[in-house]
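For reference, the chains in residue letters:
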Amino acid sequence: MLYMKENNMKEINIKAKIIPLLYVGVVVIYLFFDEGMIYDRLMDMQNISKIIYVLINLLFFCLLICLGLNCGKGNIILIIILFIGLSLDYIFCNIYGKTIDIVNLSVILGAVENITDAIDTYSFEIICGILKAGVIASVLFILRKYAYKNNYMSVLLFILLILSYIAILLIKGVTGTIGFPKGINSLGCFISVAINNINKNKDKEKISHVTSYEAYRCEKFNTCKIILVIDESVEREYFKEQLSQLNIGEYVFFENSYSAANNSAASNFILRKGRYIWKDGGKISKMFIFPSLFEVAKQSNMTTYYIDNQNILTSQGIRNYFTEDEVKFIDRVYNNEKYADYDKDIRSVDQIGEFIEAGKRSFIVINKSGSHFPYYKRIQKGKVKFNRVDDYKTSIHDNTIEFLNKLYSKIDDETIILYTSDHGQNVENGVTHGNSGANVKINEYSIPIIVISKNNKLLHLMKQAQGLQTHFAISETILNLMGFKTAFDNSFFQKKKEEEFCGIIGQPYSFFKGDIPCFYINENKNKNK
C-alpha cells in the first residue's frame, strides 16, 4: 500500500513538472511555426496601434493556455474550430508567403470550381499546414485530459478575438486586420466576407446605359459575325514568344495591353458589362454597370452563343457574375465538359464554325479552358515535362496558337475575332494570380490582345489605336460594332493614346464601405501606388 502511494506521489510530481511546460510549450510551438512573422507584422503595422496589436496577440496566447485548462466537452469543439482556423492560415501562408486577407479570400471563393486544381498544385503546402495545426491541436487535447475545471474563459476569449477582428475591419479597413494571429485571422476573414456578401456596399455602383452610335456599326464593314475569345491565364510576353507561329494572315496585335483585374471573375465581369474610374493611390472611386454584351447583341438583332469550357454557368461559385437575367439573352449555351481539359478548346473550333455558317449576324463568346494551373493538365500526356515554365509554354502553343490557327480557317470575310486573356500569370514562381497587397505583380495583368479579320479596311482602322490597351477597349469596340457606345468611348477605333490604367485587385466590389483596391499601371513606368 505504501509502495503504491509512493508511486502515485512520484507520478503527481512528474505531472506537476511536465504539465506547466506543456502550457508554455504550446505557445512556443505556435511561435516556432509562425517563423518570426509575428515580429515582422508588428514592425509593418500602420493602420492600428502597435499596443493594440500586442494586446490581441497576448489574448490569443491566453486563449491557447485556457483551451488546455478547460476539461469541458464544449472545449473539444473549440479546439477543433481552432484547428480548422490554424490549418487554413498555415496553408494560405505557405502558398502566399503571408497571412491571407479578405481580398485574397474573395478571389479564392470566386473560383471554387478550380479547387481540385489548387489541391493538385499546392498539395505539399496543404499537407504541411494541416500537420502544423495538428501538432498544436494534439498538445491541447493532451492538456485537457489533466484539466479539472469546466470554465468558459476560452469561449469568451475566442468570441472577443473574433469581435476584435470585425471591429478593426469596420474601423480601419482591410489593411487594419493584417497581423491578426493565425487561427483567428482566416476565421475572421470568412465571417467578414459572409457578412459583406449579405449586405454588399452598393454606393460605388452606378447603373448606366449604352447609347446608339452608328459610326462603326458592323454593317458598314459587312462584318457582323463577332467572336469574343476569352482565354485563361495567358501572359502577353509568353504569348509573344510564339507569335511567329500564327498563320492567320492580317491581324492587329497590341504590344502594351492589360487586363481589368488579376482574377477571372472580375475580368469577365468588366469585359461583359462593367467599367470603373480610379483615383490616385490605387483606389477605384466609381463602378459602372452597363447592359451585358449579350443583351446589347440581342438589341442589335444578333443570335447569341456562349461556349462554356470552364463550366462557369454550372459552378457553385459566383459564376463570373453571370445573373439569370443575363443568361436569358444567350440563345445557345455549349458545355464541353465531356472532353479532357487539353481537348476542350480545339473541339470548340468546329462548333464556332457551325455558328459562323448559320447566319450573317451573330455574337459568339467562348471562355476557354486555356492555360490554367496546373499546366500539365492542359496538355497531352506525351508532351508533359513536369516543368512549370516548359509545360506553360506548351499549353499556350497547343491551346492558343493552334486554336487561333484552326479558328482562322473557319472564318469568312464577315467575321471579326477579338482575342484576349482574362488575366496574366506569374509563371516562374509564387502564386500565379489573384494576389493582394505587396504580392501583386504586373505579370498578373499582362495579357495579349489581338484583333483578327479578313476585312483589311476594318483592321487598318484599328491599327491607328495607340498606347496602352485594356479590356475596356475590347468591350467598347464590340459595342461600336453592334451600333452602341458608352460614355467612356475608348474603343480600338479611337486614335487617342491612353498612358495609364489601374487594374482591379480582387473582386469588383468593396468591403465594408472601403475602396476597391487597384494596381496602377503606366505605359512608361509600372508601379503600385
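For the structure given in this document, a descriptive report is provided here.

## Examining a nonpolar patch on the surface
Argument step 1. On the surface, a cluster of nonpolar side chains totalling about 600 Å² of accessible area is made up of Tyr 152, Met 153, Val 155, Leu 156, Ile 159 and Leu 163.
Argument step 2. Relative to the helices and strands, Leu 156 resides in helix α8 (residues 153–172).
Argument step 3. On the basis of relative accessibility, which here comes to 54%, the residue Leu 156 falls in the exposed class.

## Here we look at the packing of helix α5 (residues 102–109) against helix α9 (residues 185–198)
Argument step 1. The N-to-C vectors of α5 and α9 enclose an angle of 70 degrees; their axes lie 10 Å apart at closest approach. By the angle between their directions, the pair α5 and α9 is classed as roughly perpendicular. The way α5 lies across α9 gives a crossing that is right-handed. Contacts between α5 and α9 involve Ile 102, Leu 105 and Leu 109 from the former and Cys 189, Phe 190, Ser 192 and Val 193 from the latter.
Argument step 2. Classifying every residue of the contact of α5 with α9 gives 6 nonpolar, 1 polar and no charged.

## Re the packing of aromatic side chains
Argument step 1. As enumerated under the stated definition, the model contains 32 aromatic pairs in all.
Argument step 2. For the ring pair Phe 290 and Phe 488, a centre distance of 6.3 Å and an interplane angle of 75 degrees mean the geometry is edge-to-face. With Phe 290 in the loop between β7 (283–289) and α12 (293–299) and Phe 488 in the loop between β14 (484–485) and β15 (500–504), this residue pair connects regions lying 198 residues apart in the sequence.
Argument step 3. Considering the side-chain rings of Phe 472 and Phe 501, the 5.4 Å spacing of their centres and the 90 degrees angle between planes classify their relative orientation as edge-to-face. A residue pair is termed long-range when its members are at least 10 positions apart, and Phe 472 in helix α17 (residues 471–482) and Phe 501 in strand β15 qualify at 29 residues.
Argument step 4. With a relative accessible area of 2%, Phe 501 lands in the buried category.
Argument step 5. Taken together, Tyr 276, Trp 278, Phe 288, Phe 290, Phe 472, Phe 488 and Phe 501 form an aromatic cluster joined through their ring pairs.
Argument step 6. For Arg 275, the ring lying beneath its charged end belongs to Phe 472, and the centroid distance is 5.8 Å.

## Examining empty space enclosed by the protein
Argument step 1. Within the structure shown, the criterion is met by 1 cavity of 30 Å³ or more.
Argument step 2. Classifying every residue of the lining of the largest cavity gives no nonpolar, 5 polar and 2 charged.

## Some points on the pairing of strand β3 (residues 225–231)
Argument step 1. Of all 7 residues in β3, 7 are buried, a share of seventy percent or more.
Argument step 2. The two faces of β3 match: Lys 225, Ile 227, Val 229 and Asp 231 on one face and Ile 226, Leu 228 and Ile 230 on the other face are all buried.
Argument step 3. The pairing of β3 with strand β10 (residues 362–367) spans 6 bridges and is parallel. Residue pairing in the sheet places Val 229 in a bridge with Ile 366 of β10.
Argument step 4. Pairing between β3 and strand β11 (residues 415–421): 7 bridges, direction parallel. When the bridges of β11 are listed, Ile 230 appears paired with Thr 420.

## A short note on the sheet that holds strand β12 (residues 449–453)
Argument step 1. As summarised here, the arrangement of the 7 strands in space is β4-β12-β11-β3-β10-β8-β9, forming an open sheet in which the pairing is mixed. Each having just a single partner strand, β4 (251–254) and β9 (332–334) make up the two edges of the open sheet. When strand polarity is set aside, the average angle formed by the axes of neighbouring strands in this sheet is 10 degrees.
Argument step 2. With 3 bridges joining them, strand β8 (residues 303–308) and β9 adopt parallel strand pairing. In the strand pairing of β9, Tyr 305 is matched with Arg 332.
Argument step 3. With respect to the sheet, α17 is in contact with β3, β10, β11 and β12, its orientation differing from that of β11 by roughly 160 degrees.

## Describing the pattern of salt bridges
Opposite charge on two side chains permits pairing when their charged atoms draw close.
Argument step 1. Scanning all chains against the criterion turns up 30 salt bridges.
Argument step 2. Taking the shortest distance from any N to any O, the salt bridge between Glu 476 and Arg 275 comes out at 3.0 Å. Here the residue Glu 476 occupies a position in helix α17, and Arg 275 occupies one in strand β6 (residues 274–279), the gap between them amounting to 201 residues.
Argument step 3. By relative accessible area, which is 2% here, Arg 275 ends up buried.
Argument step 4. Put simply, Arg 347 and Asp 343 hold a salt bridge, and the shortest N to O gap is 2.9 Å. Pair noted here: Arg 347 and Asp 343 are both in helix α14 (residues 341–358), with a separation of 4 residues, about one helical turn.
Argument step 5. Using a relative accessible area of 21% as the deciding quantity, one classes Asp 343 as partly exposed.
Argument step 6. Through salt bridges with shared partners, one network takes in Asp 117, Asp 120, Asp 341, Lys 344, Lys 377 and Arg 378.

## Considering the environment of Ile 119
Argument step 1. By the element assignment, Ile 119 lies in helix α6 (residues 115–121).
Argument step 2. Residues Ile 119 and Pro 374, 255 residues apart in the sequence, show an inter-C-alpha distance of 9.6 Å.

## Regarding α17
Argument step 1. Taking 1.5 Å as the rise per residue, α17 with 12 residues should run 16 Å; its terminal C-alpha atoms sit 17 Å apart, in good agreement.
Argument step 2. One side-chain oxygen at the N-terminal end of α17 lies 3.1 Å from the backbone nitrogen of Phe 472; it belongs to Thr 470.
Argument step 3. Note on α17: the residue one or two positions beyond its end, Gly 483, has a positive phi of about 95 degrees.

## With respect to the state of the cysteines
Each disulfide consists of a covalent bond between the sulfur atoms of two cysteine residues.
Argument step 1. By the definition in use, this model includes 2 disulfides.
Argument step 2. One disulfide in the model links Cys 218 with Cys 224; its S-S distance is 2.0 Å. Here Cys 218 and Cys 224 share a disulfide; its torsion about the S-S bond, 95 degrees, makes the bridge right-handed.
Argument step 3. Residue Cys 224 is classed as buried on the basis of its relative accessible area, which comes to 6%.
Argument step 4. The partner cysteine of Cys 502 in its disulfide is Cys 518, sulfur to sulfur 2.2 Å. Handedness of the Cys 502-Cys 518 disulfide follows from its S-S torsion of about 90 degrees: it is right-handed. Of this pair, Cys 502 sits in strand β15 while Cys 518 sits in strand β16 (residues 516–522), placing them 16 residues apart in sequence.
Argument step 5. Among the residues examined, Cys 518 registers a relative accessible area of 2% and is labelled buried.

## Things to note about the layout of surface pockets
Argument step 1. Each pocket or cavity is described by its volume, and for the second largest pocket that value is around 660 Å³.
Argument step 2. Taken together, 32 residues line the second largest pocket, and the ones lying closest to its centre are Tyr 96, Ile 108, Ala 111, Ile 115 and Ala 118.
Argument step 3. Among the elements that line the lining of the second largest pocket, the one with the most residues is helix α4 (residues 73–96), at 5 residues.
Argument step 4. Looking at side-chain class alone, the lining of the second largest pocket contains 20 nonpolar, 11 polar and 1 charged residues.

What counts and how
- Residues numbered from 1 in each chain as written.
- Predicted model: local features only at pLDDT ≥ 70, side-chain atom pairs only at ≥ 80, totals over all residues.
- Heavy atoms only, no water.
- Patch = residues over 30% accessible without salt bridge, like charges linked within 9 Å, V, L, I, M, F, W, Y side chains within 5 Å.
- Areas by Shrake-Rupley, 256 points an atom, 1.4 Å probe, with all protein chains shown as cover.
- Salt bridge = Lys/Arg side-chain N within 4 Å of Asp/Glu carboxyl O.
- Helix = DSSP H or I, 4+ residues; strand = E, 2+ residues; numbered from the N terminus.
- Buried < 20%, exposed > 50% of the residue type's maximum accessible area, 1.4 Å probe, protein only.
- Axes fitted to C-alpha atoms, helices over the stretch in contact; angles between N-to-C directions.
- Parallel < 35°, antiparallel > 145°, perpendicular 65-115°, else oblique.
- Left-handed = near helix turned anticlockwise from the far one by under 90°.
- Contact = heavy atoms within 4.5 Å.
- Nonpolar A, V, L, I, M, F, W, Y, C, P; charged D, E, K, R; others polar.
- Phe/Tyr/Trp six-rings, centres within 6.5 Å; stacked < 30°, edge-to-face > 60°.
- Lys NZ or Arg CZ within 6 Å of the ring centre and 35° of its normal.
- 1 Å grid on protein atoms, 1.4 Å probe; cavity = no way out; pocket = protein on both sides within 12 Å on 5 of 7 lines; lining within 4 Å.
- Points joined across faces, edges and corners; volume = space filled by probe spheres on them.
- Pairing = 2+ DSSP bridges.
- Expected span 1.5 Å × (residues − 1).
- Polar contact = N/O pair within 3.5 Å; in protein donor to acceptor, adjacent residues only side chain to side chain.
- Disulfide = S-S within 2.5 Å.

Functional significance is not addressed by these values, which are geometric in nature.
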